[in-house]
Amino acid sequence: MKSFKYFIVEQKKATITKKESYRGRTTADVEYQVHDETGRHIRTTKTKKEAKMWKDMHELSKEQMHNKYPELRPK
C-alpha cells in the first residue's frame with residue numbers, strides 16, 4: 001500500500017533574476033538566471049523569453065508544457 005504522501009503533487013516554484021554587467025562598456029550585458037525554490041541554479045540565459053520557458057519547464061507538467069509551447073512537442 002502506498003502512503004498518502006505519494007499522491008500529493010508538489011508545487012514547484014522557480015524564480016528569475018536579472019544580472020547586468022557593464023565590463024567597460026556603455027551598455028549592459030544582461031543575463032537572466034533561473035533558480036528553483038531552494039536557490040539551486042537551473043539555467044543562465046541571454047533572453048527573458050528563454051528564461052520564462054525554463055521557469056515554466058521547471059514548474060509545469062509535461063502536458064501543460066506541450067500545450068503552452070507546442071514547438072517543443074516531440075514529432
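Keep in mind it's a predicted model, so treat the numbers as computed, not measured.

Undergrad: Which parts of the structure should I look at to understand the pairing of strand β3 (residues 41-45)?
TA: Regular strands place their side chains on alternate faces of the sheet. Both strand β2 (residues 29-36) and β3 contribute to a ladder of four bridges, which runs antiparallel. Within the sheet, the bridge partner assigned to Y32 lies in β3 and is T45.

Undergrad: Quick question: what am I supposed to make of the side chain of T45 here?
TA: Looking at the element boundaries, T45 is found in strand β3. Given the relative accessible area of 3%, T45 is considered buried. Side-chain polar atoms of T45 contact the backbone oxygen of T47, separated by 3.1 Å. Not counting residues within four places of it along the chain, the set of residues in contact with T45 comprises E31, Y32, E50, A51 and W54.

Undergrad: Please clarify how the pattern of salt bridges should be interpreted in this entry.
TA: Pairs may arise between side chains of opposite charge once their charged atoms sit close together. Applying the stated criterion to the full structure yields eight salt bridges. Of the charged contacts in the structure, one is a salt bridge between E20 and K18, with a shortest N-O distance of 3.5 Å. Put simply, R23 and D29 hold a salt bridge, and the shortest N to O gap is 3.2 Å.

Rules and cut-offs
Residues numbered from 1 in each chain as written. Predicted model: local features only at pLDDT ≥ 70, side-chain atom pairs only at ≥ 80, totals over all residues. Heavy atoms only, no water. Pairing = 2+ DSSP bridges. Helix = DSSP H or I, 4+ residues; strand = E, 2+ residues; numbered from the N terminus. Buried < 20%, exposed > 50% of the residue type's maximum accessible area, 1.4 Å probe, protein only. Polar contact = N/O pair within 3.5 Å; in protein donor to acceptor, adjacent residues only side chain to side chain. Contact = heavy atoms within 4.5 Å. Salt bridge = Lys/Arg side-chain N within 4 Å of Asp/Glu carboxyl O.

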